[in-house]
Amino acid sequence: KAGVTQTPRYLIKTRGQQVTLSCSPISGHRSVSWYQQTPGQGLQFLFEYFSETQRNKGNFPGRFSGRQFSNSRSEMNVSTLELGDSALYLCASSFVLAGDTQYFGPGTRLTVL
Amino acid sequence: SQKIEQNSEALNIQEGKTATLTCNYTNYSPAYLQWYRQDPGRGPVFLLLIRENEKEKRKERLKVTFDTTLKQSLFHITASQPADSATYLCALGLTGGGNKLTFGTGTQLKVEL
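What you see is a predicted model; the values in this text were computed from it and never measured.

1. A closer look at the packing of aromatic side chains
Part 1 of the argument: Inspection of every chain in the model, using the stated rule, returns 12 aromatic pairs over all chains.
Part 2 of the argument: Ring geometry for A:F104 versus B:Y36: centroids 5.6 Å apart, planes at 90°, classification edge-to-face. One end of the pair, A:F104, is in strand β10 (residues 103-104); the other, B:Y36, is in strand β4 (residues 32-38), on a second chain.
Part 3 of the argument: For A:F104, a relative accessible area of 12% gives the class buried.
Part 4 of the argument: With centroids separated by 5.7 Å and ring planes inclined at 35°, the aromatic side chains of B:F75 and B:Y88 adopt a geometry described as tilted.

2. Points about the pattern of salt bridges
Part 1 of the argument: Scanning all chains against the criterion turns up 10 salt bridges over all chains.
Part 2 of the argument: One salt bridge connects A:R73 with A:E75, and the closest N-O pair in it is separated by 3.4 Å.
Part 3 of the argument: Residue B:K57 pairs with B:E54 through a salt bridge whose shortest N-O separation is 3.5 Å.
Part 4 of the argument: According to the relative accessible area criterion, B:K57 is partly exposed, its value standing at 28%.

3. Notes on the sheet that holds strand β7 (residues 62-67) of chain B
All names here are of chain B.
Part 1 of the argument: Pairing is antiparallel in the open sheet, where 5 strands are placed in the order β1-β3-β8-β7-β6. The outermost strands of the open sheet, each flanked by one partner alone, are β1 (3-6) and β6 (56-59). Ignoring strand direction, the axes of neighbouring strands in this sheet form an average angle of 15°.
Part 2 of the argument: Relative to β7, β6 runs antiparallel, the two sharing 4 bridges. Residue pairing across strands places E56 opposite T65, the latter belonging to β7.

4. Some details on a nonpolar patch on the surface
All names here are of chain A.
Part 1 of the argument: On the surface, a cluster of nonpolar side chains totalling about 270 Å² of accessible area is made up of F95, V96 and L97.
Part 2 of the argument: Structurally, L97 can be placed in the loop between β9 (87-94) and β10.
Part 3 of the argument: When its relative accessible area of 43% is taken as the criterion, L97 is described as partly exposed.

Each value, and the rule that gives it
- Residues numbered from 1 in each chain as written.
- Chains lettered and ligands numbered in written order.
- Predicted model: local features only at pLDDT ≥ 70, side-chain atom pairs only at ≥ 80, totals over all residues.
- Heavy atoms only, no water.
- Phe/Tyr/Trp six-rings, centres within 6.5 Å; stacked < 30°, edge-to-face > 60°.
- Helix = DSSP H or I, 4+ residues; strand = E, 2+ residues; numbered from the N terminus.
- Buried < 20%, exposed > 50% of the residue type's maximum accessible area, 1.4 Å probe, protein only.
- Salt bridge = Lys/Arg side-chain N within 4 Å of Asp/Glu carboxyl O.
- Pairing = 2+ DSSP bridges.
- Axes fitted to C-alpha atoms, helices over the stretch in contact; angles between N-to-C directions.
- Patch = residues over 30% accessible without salt bridge, like charges linked within 9 Å, V, L, I, M, F, W, Y side chains within 5 Å.
- Areas by Shrake-Rupley, 256 points an atom, 1.4 Å probe, with all protein chains shown as cover.

Now the structure itself:
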């Protein structure tokens, strides 16, 4: 079974631009969560989608948004990029609604210049 | 305030010894706790999950304990090997939180020959 895939793997943007990251979960998984990882703050939860509905949201500004498609693939978007948005963005998928093993993708390394 | 603390210092141990990693939390009532391993530049990999009504879980050379009175989890790797060198993360899941995980800061483990 293929694992969680994320595209692109690396991205360089400049301040003020916007970016869209993509995540394809493991086949059959309907829950997709997004996390931001930085050296200073560690791994922080962004949001979770299940069956195309956002179920949970972390404490991030409205510039961070996401969506999930009917095939469970998910995208997250960051608008008006700031230097502090430079991070590793990780996507995780799981099979059931709650309290399940999370399978993480390799991440997208975003650098904002 | 809510906090999840792991060994702040890196842990260096000799091959063959048992590594013990600590995860302490305050102002949380987790429904379950998970441990992950993360290698540089990669996404976290799930190791073990333990629920609030469980005291101990084992998987091969790994053992996790969960003390909800002390608000602490201990993660043990017996007969450690250099290949066990990585960062280990604990993560809490809350009732009603879906698959949202709140992560600790991680402990870097180095197993030396």
